[in-house]
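This is what each chain is made of:
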Amino acid sequence: MNALLIYPEFPETFWSFKHALKFLGKRAAQPPLGLMTVAALLPRAWKKRLVDTNVEQLSDRDLAWADVVLLSGMHIQSESLLAIVERCRESGLRTVVGGPIASSVPAAKLKADHLVIGEAESLIADLARELEEGTARPVYQADERPEMTVSPLPDLSLIKMKRYSTMTVQYSRGCPFNCEFCDIIEIYGRRPRTKAVAQVLAELEQLRTAGWRESVFIVDDNFIGNKGRAKELLRALVEWRTRVAAGFDFITEASLNLADDAELMQLMKDAGFKSVFLGIETPDESGLIASNKLQNTRRSLLESVARIQSYGIEVMGGFILGFDTDKEDIFDRMVEFIEKSGIPIAMVGLLQAMPGTQLFRRLRREGRIVDAGGGNNTFCDRLNFLPRMDAAKLVEGYREVMKRIYSCEAYYERVKLYLNRAHPEPEKLPRGQRVKSQSRRPTEPWMTRANMRALAHSIVRQGVFGRHKWSYWKFLAEAATRYRRCFGAAMTLAVMGYHFQVMTQKLSKAIDSATQPAKSGEILVRETGIPVR
Ligand code: B12
Ligand code: SF4
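Quick caveat, the model's predicted, so the values are computed rather than measured. (Residues numbered from 1 in each chain as written. Chains lettered and ligands numbered in written order. Predicted model: local features only at pLDDT ≥ 70, side-chain atom pairs only at ≥ 80, totals over all residues. Heavy atoms only, no water.)

Asks: Would you explain the pattern of salt bridges in this entry?
Replies: Pairing between side chains of opposite charge can happen when the charged atoms of each approach one another. Counted under the stated rule, the structure contains 40 salt bridges. For Asp62, the salt bridge identified is with Arg49, shortest N-O distance 2.9 Å. One end of the pair, Asp62, is in helix H3 (residues 60-65); the other, Arg49, is in strand E2 (residues 47-52), with 13 residues separating them in the sequence. On the basis of relative accessible area, Asp62 is assigned to the buried category, the value being 10%. Glu232 is the salt-bridge partner of Arg229, the closest N and O atoms lying 3.1 Å from each other. Of the two residues, Arg229 and Glu232 both sit in helix H10 (residues 227-244), three residues apart, roughly one turn of that helix. Ionic contacts of the salt-bridge type, sharing partners, join the residues Glu180, Asp324, Arg362, Glu366 and Arg368 into one network. (Salt bridge = Lys/Arg side-chain N within 4 Å of Asp/Glu carboxyl O. Helix = DSSP H or I, 4+ residues; strand = E, 2+ residues; numbered from the N terminus. Buried < 20%, exposed > 50% of the residue type's maximum accessible area, 1.4 Å probe, protein only.)

Spelled out as structure tokens, the structure:
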């Protein structure tokens, strides 16, 4: 069998990093790890080809070569995925769709010949055999979530590695918490399942042997879902990084209770973790309680963020507007919180009720669901449910928050606040005294090759042709003087800021031209077709 694995295109969103990636000469942020894993699970005798349409074109020759097409994706990739399925049908090709999209978009809409709901490890053998025999069923759904120790080494040979800014490795799936709006726990469950440490090291070795030396995203739903296992991996990572002198650094996602564990943060720092994404959601405690995000109520949010940053780890934050508890002052409170947090990359989104979640089920019971949504809450001009606050006010408030936090001045202030916390100035000593300690040395190389390229492009785009040249040059001058010990990090954040500024302008235009969201009091508008689970 010739198996063609296709990853559909992402629309342009805050998370696509499109405008920052250009500066780095990259086409996409990360490769499709799900498809690389599926490829490794397929029979060895099968020939495999992978086309990620985010970094290359899907050609008619690829389709002519294939016996079967396997697609993966998130809800947000539906448009591109549906177009590819249609193109395959026209070429008479059988299609199999899996990945998170299979859990959130109804089978009838996806129009694939075969749908795989859930993780591939336990059911791929049956699927492959039945595809070969021509007896494959319309739907495959695993009864149980597989242990991750059975997950294979992803097939790295199928991707064009240099086109991505970050490689990905997964250590665990699932998260022990129970946030009402979360679909992670519906898809991957609440029991964190981990790979063996040796599996992760083998994946990293595979990357290193292939020549990778840059960032690796540990794509866990919650890296510290099982703190004991996370520490076990981190100790091994520290040892491995020292032994092989790999120039890797790591990014991951975690819950806020990371801030309670000094040993864990120190281990992350020692293992080369440079940033962590945290779901902070809202500064309003009643919103956290109502959405069952209780782990964020047990500690000061701002202090927790600052503590993590003090380990040299950048915090990226996820924030949500549109909880039932939000009052009109929420917009100012959100901006004030983000300003004080020193979180440069603040992913603020409108609440989306993702199909399959507890939130979706509650809102449907309350007759407040409008449609299944688009699977994207951070570049969003409308809601898929009837909010408590006037919908138009909410969308307008969201737009204002985005404009304020991504104004050049506000953004650079946050970057500086973060840099001050993460890379504090070395202590000033009385004249004549010298310090031997490591702490006087820069914590990271002044400039990497990637930073240099980004700097050159950013000077042209932001400093010469940008709309905010003055703020940019002021920041650059400060970065080169006050923050020279972490100049590379400052420049990377300047480039990221450019992406967010462009996207904020686009969001504002999209909101202007969008049809007004449903007004409170309207009845259920469209049938979603999503079965209650
Ligand atoms: C890394 C990541 C990203 C990366 C992109 C990675 C990439 N290249 O695709 C970044 C950070 C850019 C990102 C962004 C977003 N993401 Co994201 N992301 C993830 C994360 C954390 C890991 C993905 C991964 O590599 N997993 C590892 C692989 C091995 O797992 P897998 O893909 O599920 O594959 C397994 C099975 O699904 C199955 N399978 C998968 N494909 C196929 C295909 C076939 C044919 C078969 C048989 C089986 C099969 O088998 C695999 C092995 O078991 C997941 C969470 C998660 N646990 O997966 C969220 C997740 C995929 N993201 C999600 C979302 C919502 C987003 C955003 C829309 C967020 C936003 N609010 O804007 C954006 C959209 C991107 C954009 N450009 O705009 C959701 C998707 C929900 C959904 N139902 O669609 C997830 C599930 C997280 C969540 N909150 O629930 N994301
Ligand atoms: S902490 Fe994050 S991953 Fe875990 S349940 Fe809450 S939203 Fe989902």
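Asks: Would you mind showing me how to read the sheet that holds strand E5 (residues 114-117) here?
Replies: Each strand in a sheet pairs with its neighbour through backbone hydrogen bonds, running either in the same direction (parallel) or in the opposite one (antiparallel). An order of E2-E1-E3-E4-E5-E6 is seen for the six strands of this open sheet, with the pairing classed as parallel. Each of the sheet's edge strands pairs with one partner strand only, and the pair in question is E2 and strand E6 (139-141). On average, each strand axis in the sheet is tilted by 20° relative to the strand beside it, whichever way the strands run. Bridge analysis of strand E1 (residues 2-7) against strand E3 (residues 68-71) gives four bridges, and the strand direction is parallel. Opposite Leu4, over in E3, you have Val69 as the bridge partner. Running over the sheet, helix H2 (residues 33-41) touches E1, E2 and E3 and is turned about 165° from E1. (Pairing = 2+ DSSP bridges. Axes fitted to C-alpha atoms, helices over the stretch in contact; angles between N-to-C directions. Contact = heavy atoms within 4.5 Å.)

Asks: Whenever I open this one, the site of ligand 1 confuses me. Can you help?
Replies: The full set close to ligand 1 counts 41 residues, and Tyr7, Thr13, Asp183, Tyr188 and Asp221 are the nearest of them. In the environment of ligand 1, an oxygen atom lies 2.5 Å from a nitrogen or oxygen atom belonging to the side chain of Tyr188. Listed by contribution, the elements that provide at least two residues to the shell around ligand 1 are H2, E3 and helix H8 (184-188). Residue contributions to the shell around ligand 1 peak at four residues, all from H2. Here the residues of the shell around ligand 1 are counted per class, giving 19 nonpolar, 16 polar and six charged. (Near = heavy atom within 4 Å. Polar contact = N/O pair within 3.5 Å; in protein donor to acceptor, adjacent residues only side chain to side chain. Nonpolar A, V, L, I, M, F, W, Y, C, P; charged D, E, K, R; others polar.)

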